Amino acid sequence: MTLKKQRSLLNRANEACDMLKKHISQENVIRIISHNDADGISAAAVVANAIKEEGGQFHTSIVSRLKTEFVKELAKESYKLFVFLDMGSACLKHINRLKADVIIADHHQVADTEAGENVVHVNPHLFGIDGSTEISGAGSSYLSIRDLGENGKKHLAYFALIGAFGDMQGQKGFLSVNKLILDDGIESKVLEIRDDLKIVSKNQEPLYKSLTYTLDPGLPGLTGDLEGSKSFLEKIGLSPGIKFSDLEGEDGDTLKNELIKINPAIFGNAYIIPKEIPQLRDLEEYAYLLDSCGKNKKFGLALGICLGEREKAMDVAIDSQRKYRDRLIKGMEWIKREGSISHDYFQYLYSEDNDLKRIMGTVASVGISIDLLPQDKPILTLARLHKDIKISGRTTREMVEKGVNLGKALEDASSSFGGQGGGHDIAAGALIPYNQKDNFLNLFNDIIEHQLGK
Ligand SMILES: [Mn+2]
């Protein structure tokens, strides 16, 4: 059954591949539209790299949401093939009206609308595969270019898994279609699995910062806590200022053993791209770098790095990542100080501060993982943008198993008050008018109560 589902998805992706082939051979410039997070950027990267290798041309836009007006603007452009990545499935009604060929490679929940004759719709949910755990947007995109060119594109498989990490799908190992993609990467020798300590920036930051910046797996007492990390290292007899890569003798093992006591998940499978420079060699770290570029709106830079730019581009990206991480630390201090606001069946964070608004989502998930915030209630972050509030919601796999579906809850609650929303069961988003905030929160509470069967 599982294999049959995967085959159906692969067949659909092959249709997309044929469509892409046709337009590359006709020398059409291909219009790519993708999402602004690490998954969306990886999705654009895998397709752009594939087109580039085949000698084709593309023009890319990275956007935060696919707005109806934007699709209407696209209709005025004269491209013959539009490719929507990590988005589009919820917008079929409008995309169907484009007078050109269209590929949608997405993994979000799908709307009821059927794809038009000009549209190839690649989405795991159409085939009974779960887009929140089994494949990312970059994964759907990768499958759509997998057979392109004389020898196929399995050597680009790693981008699909960077996207999966970006969407929190790889942290406990890869399942289902993600596993198939991992096997492609290993088979084509671009990927290796190694057992390793999963702390970040081992070659570029002093150890106490590596620990502070390590968000996943979270290290209670160390993650987001510069002082906590320094005193931990001093206590176990290591110099906080040394880089991990410069540790000698048994010091590496001492650190490993002490960190495992705090969180055993800190030692485990790392997915390595051997041919890459040290800063990009670990898939998860590659995803973090793209994520921080995205959060700083440096989409061109992120895509440039994925297309092979190094040196100066890397310096700029790493510098902006450092600033982003320092903002995260401030955010962690904020929730440590103030906690979340609690409703009966969920909790939320609210801010009008520009710095906090951009990092709230991450701070919320990390806060839950290291027990700064309670785990037994889904969390929403509310960021005020003039007349609207941008909401993102996260919860745990355990809560999903109890019945919580955030995508559905945010869609229903926001549409009742003139907003819109949707996404995955475990992570989703919405936009609502500011003046409906309290009504929205009350209804959302009722919906979660209902989903939990209370
Ligand atoms: Mn995605």
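Here the structure is a predicted model, which means the values were calculated and not measured. (Residues numbered from 1 in each chain as written. Predicted model: local features only at pLDDT ≥ 70, side-chain atom pairs only at ≥ 80, totals over all residues.)

### What to know about the packing of helix α2 (residues 38–53) against helix α5 (residues 137–145)
Here comes step 1: At a minimum axis distance of 7 Å, the contact between α2 and α5 shows a crossing angle of 10°. As judged from the angle between their axes, α2 and α5 are roughly parallel. Regarding α2 and α5, the two cross each other, and that crossing is right-handed. Side by side, α2 and α5 meet where Asp39, Gly40, Ser42, Ala43, Val46, Val47 and Ala50 of the first sit next to Gly137, Ala138, Ser141, Tyr142 and Ile145 of the second. (Axes fitted to C-alpha atoms, helices over the stretch in contact; angles between N-to-C directions. Helix = DSSP H or I, 4+ residues; strand = E, 2+ residues; numbered from the N terminus. Parallel < 35°, antiparallel > 145°, perpendicular 65-115°, else oblique. Left-handed = near helix turned anticlockwise from the far one by under 90°. Contact = placed C-beta atoms within 7 Å.)

### A closer look at the nonpolar core
Here comes step 1: Ranked by internal contacts, the top residues of the largest apolar core, which has 93 residues, are Val46, Val47, Leu161 and Ile162.
Here comes step 2: Of the residues forming this core, the biggest block, 10 residues, is contributed by α2.
Here comes step 3: Shared between two domains, this core holds at least three residues of each, these being domain 1 (2–189) and domain 2 (200–332).
Here comes step 4: Every residue in contact with leucine 161, bar those within four places of it in the chain, is listed here: Gly170, Phe174, Asn178, Ile181, Leu182, Gly185, Tyr271 and Leu283.
Here comes step 5: Of all hydrophobic cores here, the second largest spans 38 residues; its members include Tyr345, Met360, Val363 and Leu380. (Core = buried A, V, L, I, M, F, W, Y, C linked by C-beta atoms within 7 Å. Buried ≥ 20, exposed ≤ 12 C-beta atoms within 10 Å, placed from the backbone. Domains from an automatic or database assignment.)

### Quick notes on the domain arrangement of the protein
Here comes step 1: Domain assignment breaks the protein into domain 1 (2–189), domain 2 (200–332) and domain 3 (339–451).
Here comes step 2: Distance from the C-alpha centre of domain 2 to the C-alpha centre of domain 3: 28 Å.
Here comes step 3: Listed per partner, the contact involves 12 residues of domain 2 and 11 residues of domain 3.
Here comes step 4: It is helix α13 (residues 312–338) that provides the largest number of residues to the side of domain 2 that touches domain 3, a total of five residues.
Here comes step 5: Considered class by class, the residues forming the side of domain 2 that touches domain 3 number four nonpolar, four polar and four charged. (Nonpolar A, V, L, I, M, F, W, Y, C, P; charged D, E, K, R; others polar.)

### Some points on the sheet that holds strand β1 (residues 30–35)
Here comes step 1: Pairing is parallel in the open sheet, where five strands are placed in the order β2-β1-β3-β4-β5. Every other strand in the sheet has two partners, leaving β2 (58–63) and β5 (119–122) as the edge strands with one partner each. Recorded for the sheet is a direction-independent mean angle of 15° between the axes of neighbouring strands.
Here comes step 2: As defined by bridge partners, β1 adjoins strand β3 (residues 81–85) across four bridges and the pair is classed as parallel. Note that in β3 the partner of isoleucine 33 across the bridge is phenylalanine 84.
Here comes step 3: Here helix α1 (residues 2–25) sits on the sheet in contact with β1, β3, β4 (101–105) and β5, set at roughly 135° to β5.
Here comes step 4: Packing against the sheet, α5 makes contact with β1, β3, β4 and β5, and its axis sits at approximately 130° to β4. (Pairing = 2+ DSSP bridges.)

### What about the pairing of β3?
Here comes step 1: Of all five residues that make up β3, five are buried, and the element is covered over most of its length.
Here comes step 2: Here β3 shows a buried face lined by Leu81, Val83 and Leu85 and a second buried face lined by Phe82 and Phe84.

### Digging into the packing of α13 against helix α14 (residues 354–369)
Between two packed helices, what matters for the description is the angle formed by their axes and the separation of those axes.
Here comes step 1: Contact geometry for α13 and α14: axes closest at 9 Å, N-to-C directions at 65°. As judged from the angle between their axes, α13 and α14 are roughly perpendicular. Crossing of α13 against α14: the hand is right-handed. Contact residues: Arg327, Leu328, Lys330, Gly331, Met332, Trp334 and Ile335 in α13; Asp355, Leu356, Ile359, Met360, Thr362, Val363, Val366 and Gly367 in α14.

### A word on helix α9 (residues 226–235)
Here comes step 1: Within α9 the residues assigned to the buried category are Ser229, Phe232 and Leu233. Buried residues of α9 fall within an arc of 95° about the axis and therefore sit on the same side. Along α9, the residues that are exposed and aim more than 90 degrees away from the buried face are Glu227, Glu234 and Lys235.
Here comes step 2: The elements touched by buried residues of α9 are α8 (207–213).
Here comes step 3: Just past α9, the residue glycine 237 takes up positive phi, approximately 80°. (Arc of directions from axis to C-beta.)

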